[in-house]
Amino acid sequence: MVVQWLREHVSAAAMLTFFRLYLGYAWLTAGWHKVTDGFDATGFLKGALAKASGEHPAVQSWWASFIENVALPNVGLFNVLVPWGEVLVGIALLLGIFTTFSALMGAVMNFAFMFSGTTSTNPQMILLTFFILVAGANAGKFGLDYWVIPYIRKFFHHHKGPHQKVATNS
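Just so it is clear, the structure is predicted and the values come from calculations on it, not from any experiment.

(A) Region of interest: the overall build of the protein chain. Within the protein chain, the secondary structure is distributed over 8 helices and 0 strands. N-terminal to C-terminal, the α/β element order of the protein chain is α-α-α-α-α-α-α-α. Along the longest, intermediate and shortest principal axes, the C-alpha atoms of the protein chain span 55 × 40 × 35 Å. Scored against the burial criterion, the 170 residues of the protein chain give a buried share of 34%. Taking contacts inside the protein chain between residues at least 6 apart in sequence as the whole, the part at least 24 apart equals 75%. Of the accessible surface of the protein chain, which amounts to about 10,600 Å², a share of 68% is contributed by carbon and sulfur atoms. With 10 positive and 7 negative side-chain charges, the protein chain shows a separation of 17 Å between the mean positions of the two kinds.

(B) Structural context of the packing of helix 2 (residues 10-37) against helix 5 (residues 75-95). The contact between helix 2 and helix 5 brings their axes to 7 Å, and the two run at 150°. For the element pair helix 2 / helix 5, the angle class is roughly antiparallel. The interaxial crossing formed by helix 2 with helix 5 has left-handed handedness. Between helix 2 and helix 5, the contacting residues are Arg20, Leu21, Leu23, Gly24, Tyr25, Trp27, Leu28, Ala30, Gly31, Trp32, Lys34 and Val35 on the first element and Val82, Pro83, Trp84, Glu86, Val87, Val89, Gly90, Ile91, Leu93, Leu94 and Leu95 on the second. Of the residues contributing to the contact of helix 2 with helix 5, the split by class is 17 nonpolar, 3 polar and 3 charged.

(C) Here's a closer look at the packing of helix 2 against helix 7 (residues 122-135). Closest axis-to-axis distance for the helix 2/helix 7 pair is 10 Å, and the angle between their directions is 130°. In this view, helix 2 runs oblique relative to helix 7, as classed from their interaxial angle. When the axes of helix 2 and helix 7 are compared, the crossing they make is left-handed. Contact with helix 2, carried on its side by Leu16, Phe19, Arg20, Tyr22, Leu23, Ala26 and Trp27, involves Gln124, Met125, Leu128, Thr129, Phe131, Ile132 and Ala135 of helix 7 and no other residues of that element. Taken together, the residues of the contact of helix 2 with helix 7 sort by class into 11 nonpolar, 2 polar and 1 charged.

(D) Looking closely at the layout of surface pockets. Space inside the largest pocket adds up to approximately 590 Å³. Lining the largest pocket are 29 residues, and of these Val82, Glu86, Met109, Ala112 and Phe113 lie nearest its centre. Those elements that provide at least two residues to the lining of the largest pocket are helix 2, helix 3 (42-50), helix 4 (61-71), helix 5, helix 6 (99-115) and helix 7. At 6 residues, the largest contribution of residues to the lining of the largest pocket is made by helix 6. Here the lining of the largest pocket is built from residues that sort into 20 nonpolar, 7 polar and 2 charged.

(E) Summary view of the pattern of salt bridges. In this structure the tally under the stated criterion is 1 salt bridge. Two residues, Lys34 and Glu86, come together in a salt bridge whose shortest N-O distance is 3.0 Å. Placement of Lys34 in helix 2 and of Glu86 in helix 5 is noted, with a sequence separation of 52 residues between them. Residue class for Lys34 comes out partly exposed when judged on its relative accessible area of 22%. According to the relative accessible area criterion, Glu86 is buried, its value standing at 1%.

(F) Local environment of the nonpolar core. Within the largest apolar cluster, 19 residues are counted, with the highest numbers of intra-cluster contacts made by Leu6, Leu16, Leu23, Trp27, Leu93 and Ile132. Put simply, the parts of the chain that give this core at least two residues each are helix 2, helix 5, helix 6 and helix 7. Broken down by element, the residue count for this core peaks at 6 residues, all from helix 2. Setting aside its immediate chain neighbours within four residues, Leu93 contacts Arg20, Leu23, Gly24, Trp27, Thr99, Ser102 and Ala103. With 9 residues, the next largest nonpolar core counts Trp63, Ala64, Ile67 and Val75 among its residues.

Definitions and cut-offs
Residues numbered from 1 in each chain as written. Predicted model: local features only at pLDDT ≥ 70, side-chain atom pairs only at ≥ 80, totals over all residues. Heavy atoms only, no water. Helix = DSSP H or I, 4+ residues; strand = E, 2+ residues; numbered from the N terminus. Buried < 20%, exposed > 50% of the residue type's maximum accessible area, 1.4 Å probe, protein only. Contact = heavy atoms within 4.5 Å. Areas by Shrake-Rupley, 256 points an atom, 1.4 Å probe, with all protein chains shown as cover. Lys, Arg positive; Asp, Glu negative; His and termini not counted. Charge placed at Lys NZ, Arg CZ, Asp CG, Glu CD. Axes fitted to C-alpha atoms, helices over the stretch in contact; angles between N-to-C directions. Parallel < 35°, antiparallel > 145°, perpendicular 65-115°, else oblique. Left-handed = near helix turned anticlockwise from the far one by under 90°. Nonpolar A, V, L, I, M, F, W, Y, C, P; charged D, E, K, R; others polar. 1 Å grid on protein atoms, 1.4 Å probe; cavity = no way out; pocket = protein on both sides within 12 Å on 5 of 7 lines; lining within 4 Å. Points joined across faces, edges and corners; volume = space filled by probe spheres on them. Salt bridge = Lys/Arg side-chain N within 4 Å of Asp/Glu carboxyl O. Core = buried A, V, L, I, M, F, W, Y, C linked by side-chain atoms within 4.5 Å.

Everything listed is a geometric property; what it means functionally is a separate question.
Quick look at the structure:
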């Protein structure tokens with residue numbers, strides 16, 4: 001019942017628009033500060049590694065291995081991916097374009113920050129993002145998705161081969 005409401009009702013789309021705008025603003029401002037002020041993830045990553053030891057580590061050993069063997073050796077890449085990922089997720093959510101994909105990418109970043117031992121606003125952002133993901137296309141109803149998603153569906157429907165069956169919602 002709740003899922004159906006989230007996916008189909010205009011009142012849910014309106015509520016989700018507020019969630020989307022809040023999250024978009026949060027992502028955009030966080031990323032923009034990193035882009036304009038300069039960003040180096042080295043200290044954050046080393047701090048996360050320090051939280052991976054002791055009796056009750058905040059960072060799990062498998063994530064610490066990822067940080068040590070992948071993230072730190074490639075910190076230059078992460079110094080670009082994190083701020084620009086935040087900016088792009090923010091812009092997409094504010095505009096309501098590719099909303100569910102953008103929300104999913106935001107949630108991936110939220111989880112990466114939490115895996116690294118940082119709570120901050122990440123849990124509340126994941127909770128709001130969860131509603132957007134469950135709602136699917138309805139979360140972008142009051143955004144550019146209203147026009148973009150039908151166009152994409154029409155494009156892919158038109159480009160199916162003659163022997164491929166196209167699923168219908170009947």
